[in-house]
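# Inside the fold
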Amino acid sequence: MISTQEIVGDDAAGVAIAETPEALSAIRDQGCAAVVWRRNPLQRFQSWIDALPPECLPKARLILRPEAVRQAVLEVCEASGTPNDSERDSLVDDVAALSDIFADLMGAEWLRLRLDVVTTNACRRFHIDAITARLVCTYRGTGTQCGISTDGTEPGRIFTVPTAAPILLRGTRWPEQPASGLLHRSPPIEGSGQTRLVLVLDPVSNPANEIDQVLMH
């Protein structure tokens, strides 16, 4: 068994570590603010995605059913000029698999899917999202940063989720109260020359109320 501290540091109260995708269900446990799925990227895939020109990384903001994710991400890759090879297939397959896992956990018939290519200090303030729960997976670059704060100030100690390790985070609309105090942010990278590729998944209850693009599949 790998302890939370070995993965994310000493201040990771309320963060569970999953060894399998099934163990992400720990997000339902009392007092669990987040779950990190401990997995390492295949070296061949990581070398491939790290070497891609930023303009060839897939970018998308969509609302769609989980079963439509694979085809939609494939079309996004085509539109973005992502090279058509086995590593692209691996990326598409993984986004589709994470979408299925997350939708099943949340009982969601629709998802908001974002593939963000980040080169600036986007979302650098520590916060809790105003949603039920969110899954974030950084495929390229520095992972999401988290820390505990019970008074709303910036956490005194920060841990960084490993690249390729999905993190499932409770939001402010999770039924259990009070909130855990686990805050997160995108890492500040502006000026570093780094380009991140980040997958973000949110459950959507009523797509008609959303303003993003909707794929009716």
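Refer to the preceding data block for the structure.
Residues numbered from 1 in each chain as written. Predicted model: local features only at pLDDT ≥ 70, side-chain atom pairs only at ≥ 80, totals over all residues. Heavy atoms only, no water.

## With respect to helix α4 (residues 86-106)
Taking 1.5 Å per residue as the helical rise, α4 with its 21 residues ought to reach 30 Å, and the 30 Å between its terminal C-alpha atoms agrees with that figure. Burial in α4 covers these residues: Glu 87, Arg 88, Leu 91, Val 92, Asp 94, Val 95, Ala 96, Leu 98, Ser 99, Phe 102, Ala 103 and Leu 105. Put simply, Asp 85 is the residue that caps the front of α4, since its side-chain oxygen is 3.2 Å from the backbone nitrogen of Glu 87. Gly 107 lies just past α4 and shows a positive phi near 65 degrees. (Helix = DSSP H or I, 4+ residues; strand = E, 2+ residues; numbered from the N terminus. Expected span 1.5 Å × (residues − 1). Buried < 20%, exposed > 50% of the residue type's maximum accessible area, 1.4 Å probe, protein only. Polar contact = N/O pair within 3.5 Å; in protein donor to acceptor, adjacent residues only side chain to side chain.)

## A word on the sheet that holds strand β6 (residues 145-148)
Read across the sheet, three strands follow the order β7-β6-β9 without closing on themselves; strand pairing throughout is antiparallel. If you trace the sheet from one side to the other, it starts and ends with β7 (159-160) and β9 (182-185), each paired once. Examined bridge by bridge, β6 and β9 share four bridges and lie antiparallel to one another. Counted as the bridge partner of Ile 148 is Leu 182 from β9. (Pairing = 2+ DSSP bridges.)

## Topic: empty space enclosed by the protein
Under the definition given, this model contains one cavity of 30 Å³ or more. Roughly 30 Å³ of volume is contained in the largest cavity. Lining the largest cavity we find Val 136, Cys 137, Thr 138, Gly 143, Thr 144, Val 161, Pro 162, Ala 165 and Ile 167. Examining the composition of the lining of the largest cavity, we find that three residues originate from one element, strand β5 (residues 133-140), more than from any other. Its residues assigned to classes, the lining of the largest cavity shows six nonpolar, three polar and no charged. (1 Å grid on protein atoms, 1.4 Å probe; cavity = no way out; pocket = protein on both sides within 12 Å on 5 of 7 lines; lining within 4 Å. Points joined across faces, edges and corners; volume = space filled by probe spheres on them. Nonpolar A, V, L, I, M, F, W, Y, C, P; charged D, E, K, R; others polar.)

Don't take any of this as a statement about function, it's just geometry.
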